[in-house]
Amino acid sequence: MMLIVAVAWIYVVGLMALTETSIVAGIVTFLFYCVLPLGTLMYIAGTGKRKARRRAAALAAREAAQQDQAARE
């Protein structure tokens, strides 16, 4: 769902940038209305997934260490 909203926002801001009076104004419009806000939003939205991935990696490493220790005994 979030991806659909992001793509729609890119489309809207892209059209806004195309109607600017100069190329520089179009680039600035696209950067400040699209790239920076969407980048920030997507980073914040992905925080939970990154934490879960980090926890899963730590758990897998802990289990592997326990299995390795059990195999040595």
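Read on for an overview of the structure. Note that the coordinates shown come from a computational prediction; the quantities given were computed from them, not determined experimentally.

## Some remarks on the side chain of T29
Part 1 of the argument: Of note, T29 is situated in helix α2 (residues 23-45).
Part 2 of the argument: A relative accessible area of 8% places T29 in the buried class.
Part 3 of the argument: When residues no more than four places from it in sequence are discounted, the contact partners of T29 are V13, M16, A17, E20 and C34.

## Some words on the packing of aromatic side chains
Part 1 of the argument: The full count for this structure, using the stated rule, is zero aromatic pairs.
Part 2 of the argument: For R50, the ring lying beneath its charged end belongs to Y43, and the centroid distance is 4.1 Å.

## Observations regarding α2
Part 1 of the argument: With 23 residues, α2 ought to run about 33 Å at 1.5 Å a step, and its terminal C-alpha atoms sit 31 Å apart, in line with that.
Part 2 of the argument: At L31, α2 shows its largest bend, some 35°.
Part 3 of the argument: Turning to α2, its buried residues are G26, T29, C34 and L38.
Part 4 of the argument: Elements that come into contact with the buried residues of α2 comprise α1 (2-18).

What counts and what doesn't
- Residues numbered from 1 in each chain as written.
- Predicted model: local features only at pLDDT ≥ 70, side-chain atom pairs only at ≥ 80, totals over all residues.
- Heavy atoms only, no water.
- Helix = DSSP H or I, 4+ residues; strand = E, 2+ residues; numbered from the N terminus.
- Buried < 20%, exposed > 50% of the residue type's maximum accessible area, 1.4 Å probe, protein only.
- Contact = heavy atoms within 4.5 Å.
- Phe/Tyr/Trp six-rings, centres within 6.5 Å; stacked < 30°, edge-to-face > 60°.
- Lys NZ or Arg CZ within 6 Å of the ring centre and 35° of its normal.
- Expected span 1.5 Å × (residues − 1).
- Bend = angle between axes of the 7 residues up to and from the residue.

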